[in-house]
Amino acid sequence: MLLQKLAMYLSTAGLFCFMITLNVVLWILNIVAPALAKKIALKMGEKATMTQNPLFKYEDWGLTFASTALVKTASRHMWLSLGQEAFAGLEAPDSPVVTMERKRSSIGEFMKANRPLVLNFGSCTCPPFMFKLEEFKQLVRDFSDVADFLVVYIAEAHSTDGWAFKNNFDINQHRNLEDRLSAAQILVQKDPLCPVVVDGMNNSCAIKYGALPERLYVLQAGKVLYKGAVGPWGYDPQEVRSYLEKMK
């Protein structure tokens, strides 16, 4: 675990430096060369599926890449990620969660003997998470005979009162558990084909799994079998598909 934690610290530091540099460069270019700034932002958006998402235009999100809101939100996500305890091959944290029926539970209670459990972390205001929801649902359809699935609703990635995108879900950052359950109910109405639970207001599940703003895992017998890269760029249901196909 020591080496994995060290690698995580180094990658987080590198990502932070990249984020600050990108923010400053885009801020300057938006003044002196807006066409070039747009080209760079579109390239970043392509990797995050923003340019493929029919719900959004560049004007809805592009200029926010040069905002203080990005720095504040992304920095918080990176800071919280330093507390992660879930690493491939090691024990999966049995983090507490709350069901949609408002019952206290934990990740471990959803794990069954000898069956993988796919964890899908995200929120409604995270466009890549919602854009790839159909891919995730197809995973549930195709592999429900060999695996179980669970969506863990976490803090909003692009809340209206934070790093907001236009034409996105109008959801403020959750102030209490009822806010989080209410936001998760919007996702439930999209019928993810599996149970949905919410992280507690201390965000312990998201922290231990380094899940902000979105992430995918495969657990089995209390261990982490697969740890997807952090979103938006590393969030890839097709990687989970490839992993589960090997287990069929």
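Shown above is the structure to which this text applies.
Along each chain, numbering runs from 1 in the same order as the chain's sequence is written. A pLDDT threshold of at least 70 governs which residues receive local features in this predicted model, and a stricter bar of 80 or more applies before side-chain atom pairs are shown or counted, although totals over entire chains, interfaces and linings include all residues. Only hydrogens and water are removed before side-chain values are computed, so all heavy atoms of the structure are retained for them.

K.L.:
I would appreciate a short explanation of the pattern of salt bridges in the present structure.
P.N.:
Oppositely charged side chains can pair when the atoms bearing their charge come close. The working definition used for a salt bridge is a side-chain nitrogen of Lys or Arg within 4 Å of a carboxyl oxygen of Asp or Glu. Following the criterion strictly, the structure yields seven salt bridges and no others. Across the pair Asp-148 and Lys-112 runs a salt bridge whose closest N-O atoms are separated by 4.0 Å. With Asp-148 in strand 4 (residues 148–153) and Lys-112 in the loop between strand 2 (104–106) and strand 3 (117–122), this residue pair connects regions lying 36 residues apart in the sequence. Remark: exposure states derive from per-residue accessible area (1.4 Å probe, protein chains only) relative to the maximum for the residue type, with buried under 20%, exposed over 50%, and partly exposed in between. Judged by relative accessible area, which is 14%, Asp-148 ranks as buried. Where Glu-134 meets Lys-137, a salt bridge forms, and the shortest distance between an N and an O atom there is 3.3 Å. Taken together, the positions of Glu-134 and Lys-137, both in helix 6 (residues 133–143) and three residues apart, correspond to about one turn of that helix. Using a relative accessible area of 8% as the deciding quantity, one classes Lys-137 as buried. By sharing partners, the salt bridges in this structure join Lys-112, Arg-115 and Asp-148 into a single network. Every helix listed is a DSSP run of H or I at least four residues long, and every strand listed is a run of E at least two residues long, numbered separately from the N terminus.

K.L.:
What exactly am I supposed to notice about the side chain of Asn-203 here?
P.N.:
With respect to the element layout, Asn-203 can be found in the loop between strand 5 (196–199) and helix 8 (204–208). Assessed through its relative accessible area of 8%, Asn-203 is described here as buried. When residues no more than four places from it in sequence are discounted, the contact partners of Asn-203 are Arg-76, Ala-155 and Arg-180. Residues count as neighbours in contact if any of their non-hydrogen atoms are within 4.5 Å of one another.

K.L.:
When you look at unusual backbone geometry in this model, what are you seeing that I'm missing?
P.N.:
Excluding glycine, residues mostly have negative phi values, and the peptide bonds linking residues are mostly trans. In this model, Leu-212 is joined to Pro-213 through a cis peptide bond whose omega is 0°. Residue Gly-231 is joined to Pro-232 through a cis peptide bond whose omega torsion reads 0°. Along the polypeptide, Pro-232 turns up in the loop between strand 7 (223–227) and helix 9 (237–247). The backbone of Asn-114 sits at a positive phi, close to 65°, despite the residue not being glycine. With respect to the helices and strands, Asn-114 occurs in the loop between strand 2 and strand 3.

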